[in-house]
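# Overview (structure and organization)
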Amino acid sequence: MTDRHDLTPLWEVFIRPRNGLHHRHVGSLHAADSALALQAARDVYTRRGEGNSIWVCRSADIAASDPSFAEANFEPADDKIYRHPTFYDIPDEVGHM
Amino acid sequence: MAAVETHVPAILEIADDCLILGHRLSEWCGHAPILEEEMALANMGLDLLGQARALYAHAGEIEDKGRTEDDLAFLRREREYRNCLLVERRNGDFAHTMLRQFYFAAFMQPFWRDVAAGSTDATLAGIAAKAEKEMAYHLRHSGEWVIRMGDGTEESARRMADAVIELHRYTGELFMASPARQQAIASGLLPDPESLRAEWDETIAAVFNEAKLEMPEIRVMQKGGRDGNHGEDMGHLLAELQFMQRAYPGQTW
(Lines give C-alpha, C1' and ligand atoms only; values in the text may rest on other atoms or scores of the structure.)
Protein backbone atom coordinates (compact mmCIF):
# COMPACT_ATOMS: atom_id res chain seq x y z
CA MET A 1 0.00 0.00 0.00
CA THR A 2 1.21 3.46 -0.84
CA ASP A 3 2.16 5.60 2.12
CA ARG A 4 -0.60 8.08 2.82
CA HIS A 5 1.94 10.89 2.91
CA ASP A 6 3.04 10.14 -0.63
CA LEU A 7 -0.57 10.61 -1.73
CA THR A 8 -1.10 13.71 0.40
CA PRO A 9 2.13 15.69 0.64
CA LEU A 10 2.66 18.64 2.95
CA TRP A 11 1.57 22.15 1.94
CA GLU A 12 2.37 25.49 3.56
CA VAL A 13 -0.55 27.86 4.06
CA PHE A 14 -0.49 31.65 3.82
CA ILE A 15 -3.45 33.83 4.72
CA ARG A 16 -4.03 37.51 3.99
CA PRO A 17 -6.01 38.98 6.89
CA ARG A 18 -7.45 41.81 4.81
CA ASN A 19 -6.91 43.80 1.65
CA GLY A 20 -3.69 45.78 1.63
CA LEU A 21 -1.86 43.49 4.02
CA HIS A 22 0.45 40.75 2.90
CA HIS A 23 -0.11 37.01 3.13
CA ARG A 24 1.33 35.52 6.30
CA HIS A 25 2.39 31.99 6.95
CA VAL A 26 -0.11 30.37 9.32
CA GLY A 27 0.71 26.67 9.24
CA SER A 28 0.73 23.59 7.10
CA LEU A 29 -1.49 20.68 6.12
CA HIS A 30 -1.63 17.51 4.03
CA ALA A 31 -3.54 17.42 0.75
CA ALA A 32 -3.50 15.51 -2.52
CA ASP A 33 -3.28 18.56 -4.77
CA SER A 34 -3.55 22.35 -4.79
CA ALA A 35 -7.35 22.44 -5.11
CA LEU A 36 -7.85 20.25 -2.06
CA ALA A 37 -5.06 22.05 -0.21
CA LEU A 38 -6.90 25.36 -0.69
CA GLN A 39 -10.14 23.81 0.56
CA ALA A 40 -8.42 22.23 3.55
CA ALA A 41 -6.73 25.55 4.32
CA ARG A 42 -10.11 27.24 4.21
CA ASP A 43 -11.52 24.65 6.61
CA VAL A 44 -8.59 24.50 9.01
CA TYR A 45 -7.32 28.08 9.09
CA THR A 46 -10.21 30.48 8.29
CA ARG A 47 -12.91 29.29 10.66
CA ARG A 48 -12.87 32.48 12.68
CA GLY A 49 -12.70 35.11 9.97
CA GLU A 50 -8.91 35.09 9.77
CA GLY A 51 -8.69 36.29 6.21
CA ASN A 52 -9.96 36.91 2.72
CA SER A 53 -7.29 35.25 0.61
CA ILE A 54 -5.35 32.00 0.80
CA TRP A 55 -2.11 30.89 -0.82
CA VAL A 56 -0.75 27.37 -0.61
CA CYS A 57 2.49 25.94 -1.87
CA ARG A 58 4.14 22.56 -1.60
CA SER A 59 6.49 22.52 1.38
CA ALA A 60 8.95 20.60 -0.78
CA ASP A 61 9.05 23.55 -3.19
CA ILE A 62 10.37 25.92 -0.53
CA ALA A 63 14.12 26.43 -0.60
CA ALA A 64 15.19 27.20 2.95
CA SER A 65 18.41 28.61 4.35
CA ASP A 66 20.60 26.15 6.20
CA PRO A 67 20.25 26.60 10.00
CA SER A 68 23.88 25.55 10.49
CA PHE A 69 24.89 28.47 8.29
CA ALA A 70 22.86 30.97 10.34
CA GLU A 71 25.90 32.60 11.98
CA ALA A 72 27.57 33.22 8.66
CA ASN A 73 24.35 34.44 7.15
CA PHE A 74 23.04 36.77 9.80
CA GLU A 75 25.66 37.75 12.37
CA PRO A 76 27.66 39.99 10.01
CA ALA A 77 24.66 42.35 10.02
CA ASP A 78 24.66 42.69 13.81
CA ASP A 79 27.45 45.30 14.05
CA LYS A 80 26.43 47.35 11.03
CA ILE A 81 24.14 49.64 12.93
CA TYR A 82 24.64 52.36 10.32
CA ARG A 83 22.24 50.40 8.14
CA HIS A 84 19.41 51.29 10.50
CA PRO A 85 18.14 54.76 9.69
CA THR A 86 18.32 55.88 13.33
CA PHE A 87 20.64 58.85 12.83
CA TYR A 88 18.09 61.17 11.34
CA ASP A 89 16.20 63.81 13.29
CA ILE A 90 12.58 63.33 12.42
CA PRO A 91 10.35 66.37 12.80
CA ASP A 92 7.51 65.81 15.28
CA GLU A 93 4.96 66.71 12.59
CA VAL A 94 5.85 63.55 10.68
CA GLY A 95 4.39 61.49 13.50
CA HIS A 96 4.79 57.74 13.68
CA MET A 97 6.95 56.26 10.98
CA MET B 1 -48.19 37.03 0.83
CA ALA B 2 -46.09 36.27 3.85
CA ALA B 3 -45.61 32.94 5.56
CA VAL B 4 -48.69 31.54 7.25
CA GLU B 5 -49.19 28.66 9.63
CA THR B 6 -49.93 26.19 6.83
CA HIS B 7 -46.37 26.76 5.61
CA VAL B 8 -44.87 25.31 8.78
CA PRO B 9 -44.76 21.66 7.59
CA ALA B 10 -43.00 22.69 4.38
CA ILE B 11 -40.35 24.64 6.29
CA LEU B 12 -39.91 21.75 8.72
CA GLU B 13 -39.15 19.39 5.82
CA ILE B 14 -36.14 21.48 4.90
CA ALA B 15 -35.14 22.05 8.52
CA ASP B 16 -35.23 18.29 9.12
CA ASP B 17 -33.06 17.66 6.04
CA CYS B 18 -30.47 20.07 7.44
CA LEU B 19 -30.62 18.76 11.01
CA ILE B 20 -30.40 15.09 10.13
CA LEU B 21 -27.59 15.48 7.61
CA GLY B 22 -25.78 17.82 10.00
CA HIS B 23 -26.09 15.18 12.69
CA ARG B 24 -24.79 12.48 10.36
CA LEU B 25 -21.73 14.63 9.63
CA SER B 26 -21.20 15.19 13.35
CA GLU B 27 -20.87 11.41 13.74
CA TRP B 28 -17.57 11.69 11.87
CA CYS B 29 -16.11 13.71 14.73
CA GLY B 30 -12.94 11.95 15.78
CA HIS B 31 -13.19 9.39 12.96
CA ALA B 32 -12.28 11.30 9.79
CA PRO B 33 -9.57 9.79 7.60
CA ILE B 34 -7.33 12.84 7.93
CA LEU B 35 -7.32 15.84 10.25
CA GLU B 36 -8.08 18.22 7.38
CA GLU B 37 -11.30 16.35 6.60
CA GLU B 38 -12.15 16.15 10.28
CA MET B 39 -12.38 19.94 10.17
CA ALA B 40 -14.17 20.01 6.82
CA LEU B 41 -16.84 17.52 7.92
CA ALA B 42 -17.43 19.33 11.20
CA ASN B 43 -17.60 22.68 9.40
CA MET B 44 -20.20 21.36 6.97
CA GLY B 45 -22.16 19.78 9.81
CA LEU B 46 -22.20 23.08 11.67
CA ASP B 47 -23.33 24.93 8.54
CA LEU B 48 -26.30 22.59 8.28
CA LEU B 49 -27.05 22.80 11.99
CA GLY B 50 -27.08 26.59 11.69
CA GLN B 51 -29.51 26.42 8.80
CA ALA B 52 -31.71 23.99 10.73
CA ARG B 53 -31.76 26.28 13.77
CA ALA B 54 -32.81 29.29 11.75
CA LEU B 55 -35.53 27.31 10.00
CA TYR B 56 -36.88 25.74 13.21
CA ALA B 57 -36.94 29.10 14.95
CA HIS B 58 -38.77 30.63 11.97
CA ALA B 59 -41.26 27.74 11.79
CA GLY B 60 -41.91 28.00 15.53
CA GLU B 61 -42.55 31.70 15.21
CA ILE B 62 -45.00 31.32 12.34
CA GLU B 63 -46.76 28.46 14.09
CA ASP B 64 -47.08 30.59 17.22
CA LYS B 65 -47.81 27.73 19.58
CA GLY B 66 -44.80 28.27 21.76
CA ARG B 67 -42.64 25.52 20.24
CA THR B 68 -38.99 26.55 20.26
CA GLU B 69 -36.22 25.42 17.94
CA ASP B 70 -35.17 22.91 20.62
CA ASP B 71 -38.69 21.48 20.89
CA LEU B 72 -38.82 21.00 17.14
CA ALA B 73 -35.32 19.60 16.82
CA PHE B 74 -35.25 17.30 19.83
CA LEU B 75 -38.73 16.47 21.05
CA ARG B 76 -40.66 15.15 18.07
CA ARG B 77 -41.27 11.48 17.39
CA GLU B 78 -39.70 9.65 14.50
CA ARG B 79 -42.80 9.77 12.29
CA GLU B 80 -42.99 13.53 12.76
CA TYR B 81 -39.60 14.10 11.14
CA ARG B 82 -40.07 14.82 7.43
CA ASN B 83 -36.51 14.71 6.12
CA CYS B 84 -35.85 12.90 2.88
CA LEU B 85 -34.34 9.43 3.12
CA LEU B 86 -31.05 10.47 1.50
CA VAL B 87 -29.89 12.56 4.47
CA GLU B 88 -30.57 9.87 7.06
CA ARG B 89 -28.59 7.19 5.21
CA ARG B 90 -25.77 5.95 7.38
CA ASN B 91 -22.33 7.43 6.83
CA GLY B 92 -20.77 4.25 5.47
CA ASP B 93 -17.26 4.94 4.29
CA PHE B 94 -15.84 8.30 3.30
CA ALA B 95 -17.01 7.77 -0.29
CA HIS B 96 -20.62 7.27 0.85
CA THR B 97 -20.51 10.36 3.02
CA MET B 98 -19.03 12.57 0.31
CA LEU B 99 -21.38 11.32 -2.38
CA ARG B 100 -24.40 11.86 -0.13
CA GLN B 101 -23.16 15.39 0.54
CA PHE B 102 -22.62 15.97 -3.17
CA TYR B 103 -26.12 14.79 -4.15
CA PHE B 104 -27.68 16.96 -1.45
CA ALA B 105 -25.60 20.08 -2.05
CA ALA B 106 -26.13 19.86 -5.81
CA PHE B 107 -29.82 20.26 -5.07
CA MET B 108 -29.71 22.69 -2.14
CA GLN B 109 -27.37 25.29 -3.58
CA PRO B 110 -29.68 26.21 -6.50
CA PHE B 111 -32.67 25.67 -4.21
CA TRP B 112 -31.47 28.29 -1.73
CA ARG B 113 -30.41 30.57 -4.57
CA ASP B 114 -33.98 30.59 -5.87
CA VAL B 115 -35.47 31.00 -2.39
CA ALA B 116 -33.16 33.97 -1.79
CA ALA B 117 -34.11 35.51 -5.11
CA GLY B 118 -37.84 34.94 -5.13
CA SER B 119 -39.44 33.81 -1.89
CA THR B 120 -42.49 35.69 -0.67
CA ASP B 121 -41.23 35.06 2.87
CA ALA B 122 -38.56 37.66 3.63
CA THR B 123 -37.15 35.77 6.62
CA LEU B 124 -36.79 32.62 4.56
CA ALA B 125 -35.10 34.60 1.78
CA GLY B 126 -32.63 35.93 4.35
CA ILE B 127 -31.84 32.45 5.66
CA ALA B 128 -31.44 31.28 2.06
CA ALA B 129 -28.95 33.98 1.10
CA LYS B 130 -26.57 32.79 3.81
CA ALA B 131 -27.26 29.11 3.26
CA GLU B 132 -26.62 29.31 -0.47
CA LYS B 133 -22.99 30.33 0.09
CA GLU B 134 -22.53 27.50 2.54
CA MET B 135 -24.01 24.94 0.17
CA ALA B 136 -21.89 26.26 -2.69
CA TYR B 137 -18.86 25.30 -0.64
CA HIS B 138 -20.28 21.88 0.28
CA LEU B 139 -20.94 21.27 -3.40
CA ARG B 140 -17.42 22.22 -4.43
CA HIS B 141 -15.76 20.28 -1.63
CA SER B 142 -17.78 17.09 -2.00
CA GLY B 143 -17.63 17.31 -5.81
CA GLU B 144 -13.83 17.49 -5.74
CA TRP B 145 -13.74 14.38 -3.57
CA VAL B 146 -16.17 12.48 -5.80
CA ILE B 147 -13.89 13.26 -8.74
CA ARG B 148 -10.73 12.27 -6.93
CA MET B 149 -12.11 9.06 -5.51
CA GLY B 150 -13.96 8.06 -8.68
CA ASP B 151 -10.89 8.69 -10.79
CA GLY B 152 -8.41 7.71 -8.10
CA THR B 153 -6.96 4.40 -7.01
CA GLU B 154 -8.56 1.06 -7.76
CA GLU B 155 -9.89 0.92 -4.22
CA SER B 156 -11.26 4.47 -4.14
CA ALA B 157 -12.96 3.99 -7.52
CA ARG B 158 -14.60 0.79 -6.32
CA ARG B 159 -15.79 2.43 -3.11
CA MET B 160 -17.21 5.44 -4.94
CA ALA B 161 -18.95 3.23 -7.52
CA ASP B 162 -20.47 1.22 -4.64
CA ALA B 163 -21.68 4.45 -3.05
CA VAL B 164 -23.38 5.48 -6.30
CA ILE B 165 -25.18 2.12 -6.50
CA GLU B 166 -26.29 2.44 -2.89
CA LEU B 167 -27.30 6.10 -2.76
CA HIS B 168 -28.50 7.17 -6.19
CA ARG B 169 -31.92 5.61 -5.63
CA TYR B 170 -32.54 8.06 -2.79
CA THR B 171 -32.07 11.17 -4.93
CA GLY B 172 -35.52 11.07 -6.53
CA GLU B 173 -37.15 12.20 -3.31
CA LEU B 174 -35.37 15.55 -3.56
CA PHE B 175 -37.65 16.40 -6.47
CA MET B 176 -40.93 15.11 -5.05
CA ALA B 177 -43.27 17.73 -3.64
CA SER B 178 -45.38 16.69 -0.66
CA PRO B 179 -48.83 18.31 -0.30
CA ALA B 180 -47.31 20.72 2.21
CA ARG B 181 -44.56 21.58 -0.24
CA GLN B 182 -47.02 22.06 -3.09
CA GLN B 183 -48.91 24.57 -1.01
CA ALA B 184 -45.71 26.46 -0.24
CA ILE B 185 -44.81 26.44 -3.93
CA ALA B 186 -48.26 27.75 -4.87
CA SER B 187 -47.89 30.70 -2.49
CA GLY B 188 -44.43 31.52 -3.81
CA LEU B 189 -42.64 30.55 -0.62
CA LEU B 190 -40.42 27.89 -2.18
CA PRO B 191 -39.38 27.01 -5.73
CA ASP B 192 -40.79 23.92 -7.41
CA PRO B 193 -38.08 21.26 -7.03
CA GLU B 194 -38.95 20.03 -10.50
CA SER B 195 -37.62 23.33 -11.88
CA LEU B 196 -34.20 22.44 -10.42
CA ARG B 197 -33.97 18.97 -11.91
CA ALA B 198 -32.21 19.85 -15.18
CA GLU B 199 -29.53 21.81 -13.33
CA TRP B 200 -29.03 18.99 -10.82
CA ASP B 201 -28.73 16.45 -13.63
CA GLU B 202 -26.10 18.60 -15.31
CA THR B 203 -24.10 19.06 -12.11
CA ILE B 204 -24.10 15.33 -11.42
CA ALA B 205 -23.27 14.43 -15.02
CA ALA B 206 -20.35 16.87 -15.19
CA VAL B 207 -18.76 15.53 -12.00
CA PHE B 208 -19.46 11.89 -12.87
CA ASN B 209 -17.85 12.47 -16.25
CA GLU B 210 -14.67 13.78 -14.62
CA ALA B 211 -14.83 11.05 -11.99
CA LYS B 212 -15.25 8.35 -14.66
CA LEU B 213 -18.35 7.15 -12.83
CA GLU B 214 -21.28 5.56 -14.56
CA MET B 215 -24.73 7.01 -14.08
CA PRO B 216 -26.86 4.17 -12.74
CA GLU B 217 -30.29 3.52 -14.17
CA ILE B 218 -32.75 3.51 -11.32
CA ARG B 219 -36.20 2.25 -12.20
CA VAL B 220 -37.89 2.99 -8.90
CA MET B 221 -36.69 5.82 -6.69
CA GLN B 222 -37.00 5.31 -2.92
CA LYS B 223 -39.32 7.61 -1.05
CA GLY B 224 -41.16 7.89 2.24
CA GLY B 225 -39.23 10.35 4.38
CA ARG B 226 -41.59 13.21 3.56
CA ASP B 227 -44.45 11.07 4.89
CA GLY B 228 -42.53 10.22 8.04
CA ASN B 229 -41.69 6.69 6.87
CA HIS B 230 -38.03 6.40 7.66
CA GLY B 231 -35.42 3.71 7.33
CA GLU B 232 -34.44 1.43 10.17
CA ASP B 233 -31.42 3.58 11.05
CA MET B 234 -33.51 6.65 11.81
CA GLY B 235 -34.55 5.47 15.28
CA HIS B 236 -30.94 4.91 16.27
CA LEU B 237 -30.00 8.32 14.92
CA LEU B 238 -32.77 10.02 16.90
CA ALA B 239 -31.88 8.11 20.08
CA GLU B 240 -28.43 9.65 19.90
CA LEU B 241 -29.67 13.06 18.75
CA GLN B 242 -32.41 13.37 21.36
CA PHE B 243 -30.74 11.70 24.32
CA MET B 244 -29.79 14.83 26.26
CA GLN B 245 -33.17 16.55 25.95
CA ARG B 246 -35.03 13.32 26.78
CA ALA B 247 -32.84 12.48 29.77
CA TYR B 248 -32.50 16.05 31.05
CA PRO B 249 -35.54 18.00 29.82
CA GLY B 250 -34.87 21.68 29.33
CA GLN B 251 -31.12 21.25 29.72
CA THR B 252 -29.15 24.14 28.26
CA TRP B 253 -25.47 24.84 27.73
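So, how was this worked out
Residues numbered from 1 in each chain as written. Chains lettered and ligands numbered in written order. Predicted model: local features only at pLDDT ≥ 70, side-chain atom pairs only at ≥ 80, totals over all residues. Heavy atoms only, no water. Helix = DSSP H or I, 4+ residues; strand = E, 2+ residues; numbered from the N terminus. Rg over C-alpha atoms; globule rule 2.2 N^0.38 Å. Buried < 20%, exposed > 50% of the residue type's maximum accessible area, 1.4 Å probe, protein only. Contact = heavy atoms within 4.5 Å. Axes fitted to C-alpha atoms, helices over the stretch in contact; angles between N-to-C directions. Left-handed = near helix turned anticlockwise from the far one by under 90°. Nonpolar A, V, L, I, M, F, W, Y, C, P; charged D, E, K, R; others polar. Buried area = accessible area lost by both parts, 1.4 Å probe. Salt bridge = Lys/Arg side-chain N within 4 Å of Asp/Glu carboxyl O. Expected span 1.5 Å × (residues − 1). Arc of directions from axis to C-beta.

## Brief notes about the overall build of chain B
Secondary structure assignment for chain B yields 10 helices and 0 strands. Along its sequence from the N terminus, chain B presents helices and strands in the succession α-α-α-α-α-α-α-α-α-α. The globule rule puts the C-alpha radius of gyration for 253 residues at 18 Å, and the 18 Å found for chain B is close to it. The principal-axis extent of the C-alpha atoms belonging to chain B is close to 55 × 40 × 30 Å. Going through the 253 residues of chain B one by one, you find that 53% of them count as buried. Long-range contacts, defined as pairs at least 24 residues apart, comprise 81% of the intrachain contacts of chain B with a sequence gap of at least 6.

## Regarding the packing of helix α5 (residues 94–118) of chain B against helix α9 (residues 197–211) of chain B
All names here are of chain B. α9 packs onto α5 with a crossing angle of 140 degrees between their chain directions and a minimal axis gap of 10 Å. Note on packing geometry: the crossing formed by α5 with α9 is right-handed. The segment α5 lies against α9, with L99, F102, Y103, A106, F107, P110 and R113 engaging E199, W200, T203, I204, V207 and F208. Counted by class, the contact of α5 with α9 contains 10 nonpolar, 1 polar and 2 charged residues.

## Things to note about the interface of chain B and chain A
Contact with chain B, which involves 12 residues of that partner, is made by 12 residues of chain A. Buried surface at the junction of chain B and chain A, both sides included, amounts to about 1,300 Å², of which 54% is carbon and sulfur. Taken as a group, E36, Y137 and R148 of chain B account for 41% of the area that chain B buries against chain A, more than any other trio of residues on that side. On the surface where chain B and chain A come into contact, there are 1 salt bridge. D33 of chain A serves as the salt-bridge partner of R148 of chain B, at 2.5 Å between the closest nitrogen and oxygen.

## Quick word on the pattern of salt bridges
Residue and element names in this part refer to chain B. In this structure the tally under the stated criterion is 21 salt bridges over all chains. For the salt bridge of E63 with R67, the shortest nitrogen-to-oxygen distance reads 2.7 Å. Since its relative accessible area comes to 9%, E63 is described here as buried. Classification of R67 as partly exposed rests on a relative accessible area of 31%. For the salt bridge of D233 with R90, the shortest nitrogen-to-oxygen distance reads 2.8 Å. Within this pair, whereas D233 is found in helix α10 (residues 233–247), its partner R90 is found in the loop between α4 (85–88) and α5, the two being separated by 143 residues in sequence. Sharing partners across several salt bridges, the network here consists of E13, D17, R181 and R226.

## Some remarks on α9 of chain B
Residue and element names in this part refer to chain B. With 15 residues, α9 should reach 21 Å at 1.5 Å per residue; the first-to-last C-alpha distance of 21 Å fits that figure. Here α9 has its buried residues at W200, I204, V207, F208 and A211. What you see down the axis of α9 is that its buried residues fit within an arc of 100 degrees, all on one side. Facing away from the buried side of α9, by more than 90 degrees, are the exposed residues A198, E202 and N209. Lining the buried residues of α9 we find α5, α6 (122–150) and α7 (154–167). Just past α9, the residue K212 takes up positive phi, approximately 55 degrees.

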